[in-house]
Amino acid sequence: MTYTIEKVTTLIGARRYGEKDANVGFILTDSRSLCFPEETLFFALKSCRNDGHHYIPEMYRRGVQNFVVTDVPKDYAQAYPDANFLKVLSPLKALQRLAERHRDEFDIPIVGITGSNGKTMVKEWLYQLMSPDLFVTRSPRSYNSQIGVPLSVWLMNEDTQLGVFEAGISKPGEMLALRDIIQPSIAVLTNLGAAHQENFSSMEEKCREKMILFHDVPTVVYDGDDEIINRTVNQLPDFKGEKIYWSFKDKKAPMYVKTVHKDAKSAAVVCYYQGQKIEYVLPFTDDASITNSIICAAVASKLGLKAEILEKRMAKLEPVAMRMEVVEGQHGCTLINDSYNSDINSLGIALDFMRRRPDQKDRRRTLVLSDIYQSGMSPEELYHQVSEMSVERGVQKFIGIGPDLCQQADEIRVPEKFFFTTVAQFLHSEVFASLRDEVILIKGARKFGFDQLTELLAKKVHETVLEVNLDAVVKNLNYYRSLMKPETKLVCMIKADAYGAGAVEIAKTLEDHRVDYLAVAVADEGVILRKNGITSNIMIMNPEMSAFKTMFDYDLEPEVYSFRLLEALVKAAEKEGITDFPVHIKIDTGMHRLGFDPKKDMDELIDRLKHQNAVIPRSVFSHFVGSDSDDFDVFSAMQFELFDTASKKLQSAFNHKIIRHIDNSAGIEHFPERQLDMCRLGLGLYGIDPRTNKTIYNVSTLKTTILQMRKVPKGESVGYSRKTILEKDSIIAAIPIGYADGLNRHLGNRRCYCLVNGHKALYVGNICMDVAMIDVTGIPCKEGDSVEIFGDHLPVTVLSDALDTIPYEVMTTISNRVKRVYFHD
C-alpha cells in the first residue's frame, strides 16, 4: 500500500516544507537498511546516543526525498530542492501515529501477543498453522519494541487477511502506544516471568502494564492457572470481552488441558476448546513448547481452524529458530545461516545484516535463496523485488534453488547468478564446489532441506562449541548505557579475544551500535580487527615498543604510561613523519601497575608533550582498585581526587578537549558522579555484574555432547591416577572437552559440575587433555545429548567460585580450537 505525501502529512499532523509530489510505500528509521529510496519516508529519530538528522544528507544523496524531522535543515530549499520535510514534535510519535492510522485501514483479525517469554514462538507457530489458508502478515523476528511494532504493522497490505504482532515492554508506560498501534481483536498474554523485573516494583505492576494490551479487546487469551494473571484480569475495569483462559486444573475452563503424555520425541496433548475435544501430537517435549502449542490451539480455534485440521498441522510444526547464526565456513567463507524461514520481509532483515558486516573488501557477498511461498504477489513481482533488494544490498552472486526461481531467472539482475531446481542438484554442481572466500547468506524454506547446505559448508571442528549471543551483548551494552549520562562516551574492552567470545564478531556488533572506542591489549589484536574491516577508534592498552610502526600503519592509538615509552613513541613517529598521533595518558592513582605519578610527573609530562608535535593526548585515565566493593570506597575517593587534580592540570595545558575516564563496569553503577567524559565497559559487557557476580544477560554458553556412557561398579576408579573411587554402582559419561579446550583440571574429582538435560552431573576423575568424565547416574540422558559447561542455565561464576578465581579467567581460557557460533535472538 502507498500513501501520498499529502495524506501522510495529514495523518501525522505535520507541517510540510517542500512541494515535491511523492508516494510513500516504505518507512525507515535506520539509514543502513535503505533499499527503495524513491518511495521511502525516513524518520529522523533522536536518542540519547544518536540523532537521525545527521543522516539526512547521506539519505538524500542516496535518493530519499521524504523526511520526518523535528528540525528542518537550514536553507532546505537550496540544499534539498527535491525533498519534503514533515516537521513534528517527535518523529517517534509520528511513526507510531502513522502505523496506527495504517492499522485503521484494515477490518481483519489481528492477534497481539505479549508476555515475558514465548511471544516469538507463538507468533511463528500461529503463522505455520494459519498461513495455508490465509495471507498472514507477522512481526519480522522479534520486532516488538516502540519502533519495531509500528514497522511491523506497516507491513500489512491489500492482501493481508490476518495480522500477528508481538508487543514487548521493558518498563512502565510503554504498552499503551503499542496497544493503540496493534488494536488487536485477540490479545494473548503468554506468561509472566522475571524479564525486566528490575524496572517494575512488583510482578503485579508488570502484569497490569502488559494487560493494557487487553483494553477494549473482543477476546483475550491467558493462563488461568497463574494466580497473579487471573487476579489482574478479573480486576480489569469495564472489561466486556470474551475470556479464553487455558487451565490444567479447571475442567470448566474455555481451554481445558486434560492430559499431556510425553515420549522421547513427542508429546500427546488432549484438550477441550469450548467443550470440543482436540487431540494432537506435538513433535516437541519441553514444557515451554507444550504450553505455547496450547496457546496456539486456543487462538487458532477462535480464528475458526477446524479441530481435525489443527491436529494435522500441530504434528508438522517446525522448530522456531529465533536466531541468525554466523559460523566459520570452509575455504575462507563466512556463513550467515538464516535457513529457518523464507519470506520477503525477513529476507530484507537478513540482507541488511550481511551488508553491515565490515568484512574484507575482496570477499564476495553471496545469497543462496529458495523459492518464497505465500507472498501474496505474482512470481514476476515477487522476484523482481527480490532482485532489487539483492542489488541494493550489494549481493554479487545469487544462487536460486527451486522451480519458481528457475522460471523467474530473468527477473534476477545480480551480475553472477545460478539456478537449480533442488538442493541436491546444487550440491553436485561446480558452483557449490567453487565457493571460496565469500560471505554466504543461506536463506530458504525448510522444505528445501537447506540444513544440508550449512552442514556441508561449515568448517568441521570437534563437538564442543561456544555459543555467543550477540543480542545479549547489545542488551548488556544498553543496560550500562541506561546508567550513564547521555553525553558520556563509552569504550568497550575486547582484549583477550573479547574475553574469549571472539573479538571480531563482538567488535562488528559494537561498531554497528556506534560505541565510541574499542580497546584491546596489544597491537596484533588491533591489526586483526582492522583486517576484518573494523573502522572504529581502537585503543591499545599494553603497547610494545616493537609495534610502533604497526600502530601507525593501522591507526591504533596506544596508551602511554611512562617517560621511556613516550620518548620512544615520539622518536618513532617523527621518523615516520607523523604528527598529532592520538595517545591515551595513563595515571597511576593507586593500582601501582602502570602509569605516571599524579603528584610527581605531571609538570614534566606536560612539558614533554608541549615540546613536540608527533603525538597528542586524546584521553587521560586511571584505574579504580576496588570499584566493585564498598569496602574500598574511601580509597576510591582518594584515587579520584588524585586523578581529578592531575587530569585537570593536563587539560589546562592544552586547548583541545582531552577525554577523562576512570569508571569501569562496576564504577559506572557504583560511582555515577565519576563517569566524567567516558567510561570503560569490560566484564559487564559480557553479562557479569562485577559488583554482585550475578548474570545480567548471558552472552557465552560453552556446550559439548556425551560421547559414550558406561556402567562402572562400586569400588572402581575413574580417570588417571585413580583420583575418584566410586562409592556406588554408577553410570559414567565421557564428554569431548578437556583442559586443552579450557576446562580447568581443578574442577575434576567432584569439585564442580556441568548440566545434562538440566540435571547436575559432577566431574569425576582427573580432567584429561581432550576428555572429561561426568557422573550421570540417575540422570535421564543418552549418548549424543547436549552438555552445558557454563551458560544460560549454569552461570560461569559457579565455575570461577569453585576455582576460587574470577569469571575473567574462566572465560578467557577457552581455547581457539573450540568453535564459536554467533547468533541473534
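Here the structure is a predicted model, which is why all the values come from computation and not from measurement. (Residues numbered from 1 in each chain as written. Predicted model: local features only at pLDDT ≥ 70, side-chain atom pairs only at ≥ 80, totals over all residues. Heavy atoms only, no water.)

Checked against the element boundaries, A734 lands in strand β36 (residues 730–735). Remark: the alpha-carbon pair of A734 and S131, spanning 603 residues in sequence, is separated by 45 Å. Among all residues touching A734, those that are not within four sequence positions of it are T705, I706, L707, Q708, V771 and A772. (Helix = DSSP H or I, 4+ residues; strand = E, 2+ residues; numbered from the N terminus. Contact = heavy atoms within 4.5 Å.)

Glancing now at unusual backbone geometry. As a rule of thumb, non-glycine residues mostly have phi less than zero, and peptide bonds are mostly trans rather than cis. One non-glycine residue, D238, lies in positive phi territory at about 60 degrees. As for its placement among the helices and strands, D238 is situated in the loop between α9 (227–234) and β13 (242–247). Accessibility expressed as a relative area gives 71% for D238, which makes it exposed. Of note in the backbone geometry, D437 takes a positive phi value of approximately 50 degrees without being a glycine. Mapping D437 onto the fold places it in the loop between α16 (430–433) and β22 (438–443). On the basis of relative accessibility, which here comes to 44%, the residue D437 falls in the partly exposed class. (Buried < 20%, exposed > 50% of the residue type's maximum accessible area, 1.4 Å probe, protein only.)

Our next topic: the pattern of salt bridges. Where charged atoms of side chains with opposite charge meet at close range, the side chains can pair. Within this structure, the stated rule accounts for 37 salt bridges. Among the salt bridges present, the one from D133 reaches R313, with a minimum N-O distance of 2.7 Å. Here D133, found in the loop between α5 (119–130) and β9 (136–138), pairs with R313, found in helix α11 (residues 307–314); they are 180 residues apart in sequence, far enough to count as distant. The partner of D677 in a salt bridge is K657, with the nearest N and O atoms 3.2 Å apart. Taken as a pair, D677 in the loop between α26 (665–670) and β31 (678–681) and K657 in the loop between α25 (633–652) and β30 (659–661) lie far apart in primary sequence, 20 residues in all. When salt bridges with common partners are traced through the structure, they connect K123, E124, R138 and E166 into a single cluster. (Salt bridge = Lys/Arg side-chain N within 4 Å of Asp/Glu carboxyl O.)

What follows deals with the sheet that holds strand β14 (residues 255–262). Across the sheet, which stays open at both edges, the 9 strands sit in the order β9-β10-β8-β11-β12-β13-β14-β15-β16 with mixed pairing between neighbours. Looking at the sheet topology across the chains shown, the edges are occupied by β9 and β16 (276–282). For this sheet the average axis-to-axis angle between neighbouring strands, irrespective of direction, equals 15 degrees. Of the strand pairs in this sheet, strand β8 (residues 110–114) and strand β11 (residues 186–189) are connected by 4 bridges, and their pairing is parallel. The residue of β11 that forms the bridge with G112 is A187. (Pairing = 2+ DSSP bridges. Axes fitted to C-alpha atoms, helices over the stretch in contact; angles between N-to-C directions.)

Most of strand β23 (residues 465–469) sits inside the fold, with 5 of its 5 residues counted as buried. Across the two faces of β23 the burial is the same, with V465, E467 and N469 and L466 and V468 all buried. With 5 bridges joining them, β23 and strand β41 (residues 819–823) adopt parallel strand pairing. Of the residues in β41, the one forming a bridge with V465 is K819. Pairing of β23 with strand β32 (residues 700–705), which is carried by 4 bridges, proceeds in the antiparallel orientation. Bridged to V465 within β32 is K703.

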